[in-house]
Every structure is written in C-alpha cells, then in structure tokens.
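Residue-level structure breakdown
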Amino acid sequence: MLAQTPPMGWNSWNTFGAAIDEEVVRQTADAMVEEGLKDAGYEYVVIDDHWEADARGPDGRLVWDEAKFPGGIPALADYVHGRGLKFGIYSCAGTHTCGRRPASFGYEEEDARTFAEWGVDYLKYDFCYKPPGADGRALYERMGQALRATGRPIVFSTCEWGSMHPWEWGASRAGAQMWRTTGDINDSWESICDIGFEKQKDLEKFAGPGRWNDPDMLVVGMHGEGNVARGGCSDEEYRTHFSLWCILSAPLMIGCDVRDMSPAARDILTAPAVIAIDQDPLGRQGYCIGQSPHRWEVWRKVLADGSQAVALFNRADRATWLIPLSWESLGLHDRRPAIVRDLWTGEDIGEFTRAYADTVGPHACKLLKITPVY
Ligand code: GLA
C-alpha cells in the first residue's frame, strides 16, 4: 500500500515559489542525503507550481519551462532517483495552475501518462481555475483513476484546501493518499495555530494507513525568508509546530531551504523519537483531550506498542503554565504506573501513577511518551 505511514519529503513552494529551477532541485536532493534528512525518513522531492512552460506542446502534452529546466524533467527525476529519493510534481484540476500555467482539466489521462513516463512518484493536484459548472470532486476522481491506470505507484496528494470536505471522499472515491484540509500555511505563529490547532479538529477519524489529513507543508527553519515568509518564528515555535504535525500524523513535507538549514532546524526536522510518533505504524491521528481558558491544550496520540504520545502545548503569549495530565484522560487506571519520557530530550522523567504535570513556556510544548508498566 502506498503511504502506509504519512509521506515525508520536501516541496519547493514555501521557499522558492515561482523561482524554482533544476539546479535548486538537484542541490536539494544532494542536501537531503548529505544533511541526514534521507536517513531520517524524508523521501519525496516535490516540485510545486511554475515548472511548466506557458503553453502545451503541439501534440497537446505538457512541457517544462526550458529556461528553468534545460536538462528536462525526466533527467531531473533520474537524478533524484539516483540519490535514492523519489520525485514529485504538481498540476491542477482546473484549466490553469494557480500560477497561470497550463493544467490538467480535460487532459487528465494524457498528463497522468506523461507523469508516469517521466518517472513521477507523487502528484500534488491543486484547485485553481476550475471551469464554472464542472463538478470539482469528479475532477479529483478522474485524475485518481488516470493515475491508477498508468500502473505506476504515484502518491496522489489533493489540494482543494478542504473546500469540499476531501476527508470524506479523498481515499474512497479519488484514491488519494493525502488531502489538504485548509488554505495555505505561512511562516508565522498565527498561521501555525490557525491551521494546526483550530482547523484539524474532529478530522482524526478520517485518517489511517494510506489516507492522511494534510495540514500543509512545514515552515520549520524558514526564519522569515522565502515565498511564504511572514515574519518567521522562533526555534521554540518551530519545535511546537513540528510536534503538533507529528501528533496529527501529518505528512511531513519540509518547506525550508535544506541547502542552508540552521543547526536548530536540522535538529528539529531530524529528531528520530519525534518523527517516530508521526510515523507510528498504527496510523492513529492524535486529537485534543483538554483545553484551558489560559490557552494551554493537551493532545494525545495512541501508538502501536500500547504507549501514547502526549503533547502539552502552551499557546499563551507570555505566561508559563503548569499543565496537568491525568491518567484517566489517557484511559489508564489511576493505579497503573507509567513511565514518562521527554521525546525532545530523550530523558526518562520518571515513573508516575494517577497524574503528571509539567511547566511549559509561552508558545512551547512538551512532547511526552507515556508507557504503562504492566
Ligand atoms: C495553491 C496551493 C499552494 C501552492 C500554490 C502554487 O495556493 O495551495 O500549496 O501549490 O497554489 O501556486
């Protein structure tokens, strides 16, 4: 099955926007290997919008922008594959992409065949310029079918911004492995909160192996630079963002420039114990189990080995809070001893019964693993 666990990779949009070219993609693939991202599990190198020429070729096929991709997309896909990674590309269900390049409406079969021939392993499929009257959901079903008909395993990543409740039909009707649930993220604490904390509520029941809610690409490590920059975030806020995405079983698509990562960004993006929460084989998406008027929240994700990941989030701007966690809220008997481990430091904090509490600073979080002792 494709995407048995949430797909991990890199996407060009957050940093490069329209300024994407083959040099950047090649260097990114190199950096993913050299900086340890591949070893940490990141696999897909995805080119977003603006790779296409202004018009289709005379045979009606999509063609790449020669100035940006002089070597051509198939050779670039080969290069990425040669580094032991997978290659992804972007199109749109309407007549044009959001950046006004030719898109796949009416050409679904041709384009799916073209992508398969080029060696594409992942397709992000956007929703701009839908002809009036066209049934949006049917367009995703059509491309899903066209991809399957190629016989090549291609992850289908839909991006209609949650507008048609894709969690209800993405997997069952369109054969998608992941679907965007919201509009676009930007590199700010406000955007992370809006998308991550507010807009993912009640979606956990729709996710599982092969079918994932996608709260958009990561902004970790952008530090206020690049296409979706809006002032940037602190490293603490990026750690909270990454923790939340892992609790959400979200696809982990890096959005920063991995050729030039800060050491802190690299440490966040490659933290093995945290990534293991996202990639847990049970594939249960986490959810909020407690919220305070003081703006702290407790989230829980059940794991395959009988333990649970718990995140204590402090969304307050200035206050530090002592955030309580009861065994009852985790479905554990009060008398059951459980080991509490801090997943960011790797330290076992101790064995507790009935409850645990920890202090968490503004915009920070504690990511814990709670393992009952039987
Ligand atoms: C939309 C998508 C973004 C990105 C751009 C490209 O806004 O939601 O993720 O793909 O289009 O133009």
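The structure presented is a predicted model; accordingly, all values stated were derived computationally and were not measured.

So, the site of the ligand
- Residues in contact with the ligand, as listed here, are Trp 13, Asp 48, Asp 49, Tyr 90, Cys 98, Lys 124, Asp 126, Cys 159, Trp 161, Arg 180 and Asp 184.
- Here an oxygen atom of the ligand sits 2.6 Å away from a polar atom, N or O, in the side chain of Asp 48.
- In the model, an oxygen atom of the ligand is placed 2.7 Å from a nitrogen or oxygen of the Lys 124 side chain.
- Considered on its own, the ligand offers 300 Å² of accessible surface; in the complex 92% of this is hidden by protein.
- Split by residue class, the shell around the ligand holds five nonpolar, no polar and six charged.

Considering the domain arrangement of the chain
- The domain architecture assigned to the chain consists of domain 1 (8-278) and domain 2 (287-372).
- Taking only C-alpha atoms, the centre of domain 1 and the centre of domain 2 are 31 Å apart.
- Taken together, the contacts link 25 residues of domain 1 with 17 residues of domain 2.
- Here domain 1 packs against domain 2, burying approximately 1,800 Å² in sum over the two surfaces, 72% of which is carbon and sulfur.
- Ranking the residues of domain 1 by area buried against domain 2 places Phe 197, Ile 247 and Ile 277 at the top, with a combined share of 34%.
- Put simply, Arg 315 and Glu 198 hold a salt bridge, and the shortest N to O gap is 2.9 Å.
- Of all elements in the fold, only helix 7 (189-198), helix 8 (235-247), helix 9 (263-269) and helix 10 (272-278) reach the threshold of two or more residues within the side of domain 1 that touches domain 2.
- Top element by residues in the side of domain 1 that touches domain 2 is helix 8. It accounts for nine residues.
- Here the residues of the side of domain 1 that touches domain 2 sort into 13 nonpolar, four polar and eight charged.

A closer look at the sheet that holds strand 3 (residues 86-92)
- Pairing is parallel across the open sheet formed by eight strands, whose spatial order is 7-6-5-4-3-2-1-8. Each edge of the open sheet is held by one strand with a lone partner, namely strand 7 (212-214) and strand 8 (252-254). Pairs of neighbouring strands in the sheet enclose a mean axial angle of 25°, with direction left out of account.
- Pairing between strand 3 and strand 4 (residues 122-126): five bridges, direction parallel.

Topic: empty space enclosed by the protein
- Applying the stated criterion across every chain yields a total of one cavity of 30 Å³ or more.
- Estimates place the volume of the largest cavity at around 70 Å³.
- What lines the largest cavity is simply Asn 11, Tyr 122, Lys 124, Ser 157, Thr 158, Cys 159, Met 178, Arg 180, Asp 214, Asp 216, Met 217 and Met 253.
- Going through the elements one at a time, strand 4, strand 5 (155-158) and strand 6 (178-180) are the ones with two or more residues in the lining of the largest cavity.

Regarding the packing of aromatic side chains
- Under the criterion given, the structure shown has 17 aromatic pairs.
- Look at Phe 197 and Phe 313: their rings are 4.9 Å apart centre to centre, the planes differ by 85°, and that puts the pair in the edge-to-face class. Of this pair, Phe 197 sits in helix 7 while Phe 313 sits in strand 11 (residues 308-314); the two residues are 116 residues apart in sequence, bridging distant segments of the chain.
- For Phe 197, a relative accessible area of 0% translates into the label buried.
- Three or more aromatic residues joined by ring pairs form one cluster here, namely Tyr 125, Phe 127, Tyr 140, Phe 156, Trp 161 and Trp 169.

Focus on the pairing of strand 13 (residues 338-342)
- The side-chain alternation of strand 13 yields one buried face, formed by Ala 338, Val 340 and Asp 342, and one unburied face, formed by Ile 339 and Arg 341.
- Pairing between strand 13 and strand 14 (residues 348-352): four bridges, direction antiparallel. Considered in strand 14, the bridge of Val 340 is made with Gly 350.

Topic: unusual backbone geometry
- In this structure, Asp 216 takes a positive phi of about 90° despite not being glycine.
- The topology assignment puts Asp 216 in the loop between strand 7 and helix 8.
- Asp 216 sits in the buried class, given a relative accessible area of 4%.
- Located in the positive-phi region is Ser 249, a residue other than glycine, with phi close to 50°.
- With respect to the helices and strands, Ser 249 occurs in the loop between helix 8 and strand 8.

Some remarks on the pattern of salt bridges
- Overall, the coordinates contain 26 salt bridges when judged by the stated rule.
- The partner of Arg 26 in a salt bridge is Glu 22, with the nearest N and O atoms 2.9 Å apart. One end of the pair is Arg 26 and the other is Glu 22, both in helix 2 (residues 22-34) and four residues apart, which spans about a single turn.
- By relative accessible area, Arg 26 is classed as partly exposed at 25%.

Rules of the game
Residues numbered from 1 in each chain as written. Predicted model: local features only at pLDDT ≥ 70, side-chain atom pairs only at ≥ 80, totals over all residues. Heavy atoms only, no water. Near = heavy atom within 4 Å. Polar contact = N/O pair within 3.5 Å; in protein donor to acceptor, adjacent residues only side chain to side chain. Areas by Shrake-Rupley, 256 points an atom, 1.4 Å probe, with all protein chains shown as cover. Nonpolar A, V, L, I, M, F, W, Y, C, P; charged D, E, K, R; others polar. Domains from an automatic or database assignment. Contact = heavy atoms within 4.5 Å. Buried area = accessible area lost by both parts, 1.4 Å probe. Salt bridge = Lys/Arg side-chain N within 4 Å of Asp/Glu carboxyl O. Helix = DSSP H or I, 4+ residues; strand = E, 2+ residues; numbered from the N terminus. Pairing = 2+ DSSP bridges. Axes fitted to C-alpha atoms, helices over the stretch in contact; angles between N-to-C directions. 1 Å grid on protein atoms, 1.4 Å probe; cavity = no way out; pocket = protein on both sides within 12 Å on 5 of 7 lines; lining within 4 Å. Points joined across faces, edges and corners; volume = space filled by probe spheres on them. Phe/Tyr/Trp six-rings, centres within 6.5 Å; stacked < 30°, edge-to-face > 60°. Buried < 20%, exposed > 50% of the residue type's maximum accessible area, 1.4 Å probe, protein only.

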